Amino acid sequence: MIRFKLRERIADKEFREGRRITLVEVAEATGTGRITLSRMLKRGAVMRTDTLDRLCAYFECDLDDLAEYLPDESSPDP
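As the structure is a computational prediction, the values presented were derived from the model and not from experiment. (Residues numbered from 1 in each chain as written. Predicted model: local features only at pLDDT ≥ 70, side-chain atom pairs only at ≥ 80, totals over all residues. Heavy atoms only, no water.)

1. Describing the overall build of the protein
For clarity, the cut-off: Counting from the N terminus, the helices are the DSSP runs of H or I reaching at least four residues and the strands are the DSSP runs of E reaching at least two. For every residue, the accessible area obtained with a 1.4 Å probe (protein chains only) is divided by the maximum for its type, and the residue is called buried under 20%, exposed over 50%, and partly exposed between those limits. Residue contacts are counted whenever heavy atoms from the two residues lie within 4.5 Å of one another. In these tables, accessible area is a Shrake-Rupley quantity obtained with a 1.4 Å probe, and a residue counts as shielded only by the protein chains included in the view. Only four residue types enter the charge count: Lys and Arg as positive, Asp and Glu as negative, with His and the chain ends excluded. Here the site of a charge means NZ on Lys, CZ on Arg, CG on Asp, or CD on Glu.
For the protein, the count of helices and strands is five helices and two strands. Of the regular secondary structure in the protein, the N- to C-terminal order runs β-α-α-α-α-α-β. Every one of the 78 residues in the protein was classed for burial, and the buried ones make up 32%. Within the protein, residue pairs in contact and separated by at least 24 positions form 58% of the contacts whose partners lie at least 6 positions apart. A total of about 5500 Å² of accessible surface is found on the protein, and carbon and sulfur atoms cover 51% of it. A gap of 7 Å separates the mean positions of the 14 positive and 16 negative side-chain charges of the protein.

Written as structure tokens, this is what we have:
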């Protein structure tokens, strides 16, 4: 499963800039729908690579700062 770390990136940006950042602001700045960003906050979300690209640019981060792979505990090891 892929876990998106959007909350963490927003918190980091808020700390650096000393202000509150909303999903609406991120959506407008990246051209990504607010509903799409809301989905990223939930387990099992699926995102397009162009969305991830825009978010990495906005947060000035690498992809691994925005998403991580977590093995599915219910599936057997390969």
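2. Observations regarding the side chain of Thr32
Using the following cut-off: Any pair of nitrogen or oxygen atoms within 3.5 Å is treated as a polar contact; in protein, a donor-acceptor pairing is required on top of that, and neighbouring residues in sequence qualify only through side-chain atoms on both sides.
Position of Thr32 relative to the elements: it lies in the loop between helix H2 (23-30) and helix H3 (34-40). For Thr32, the side chain forms a polar contact with the side chain of Thr30, separated by 3.0 Å.

3. A closer look at the packing of aromatic side chains
Keep this limit in mind: Put simply, two rings from Phe, Tyr or Trp (the six-membered ring, in Trp's case) pair if the centres are within 6.5 Å, and we call them stacked under 30 degrees between planes, edge-to-face over 60, tilted for the rest. Charge-over-ring contacts are defined here by two conditions on Lys NZ or Arg CZ: a distance within 6 Å of the ring centre and an angle within 35 degrees of the ring normal.
One pass over the full model with this rule turns up one aromatic pair. For the pair Tyr58 and Phe59, a centre-to-centre distance of 4.9 Å together with 80 degrees between the ring planes defines the contact as edge-to-face. Lys13 extends its terminal NZ or CZ atom over the ring of Tyr58, reaching a point 4.6 Å from the ring centre.

4. Some details on the environment of Thr36
Inspection of the secondary structure puts Thr36 in helix H3. What makes Thr36 partly exposed here is its relative accessible area of 21%. The spacing of Thr36 and Leu23 is 13 residues in sequence and 9.8 Å in space, taken between C-alpha atoms. Every residue in contact with Thr36, bar those within four places of it in the chain, is listed here: Met47 and Thr51.

5. Observations concerning the layout of surface pockets
Worth spelling out the cut-off: A 1.4 Å probe that fits into a set of points on a 1 Å grid over the protein atoms alone but cannot get out defines a cavity; an open set with protein on both sides within 12 Å along at least five of seven lines defines a pocket, and lining residues are those with an atom within 4 Å of a point. Grid points are joined across faces, edges and corners, and a volume is the space filled by probe spheres set on the points.
What the largest pocket holds in volume is close to 160 Å³. As for the largest pocket, its lining consists of 14 residues, and the residues nearest its centre are Arg3, Phe4, Met40, Leu41 and Lys42. Listed by contribution, the elements that provide at least two residues to the lining of the largest pocket are strand E1 (2-4) and helix H1 (6-17).

Purely geometric numbers; function is a separate question.
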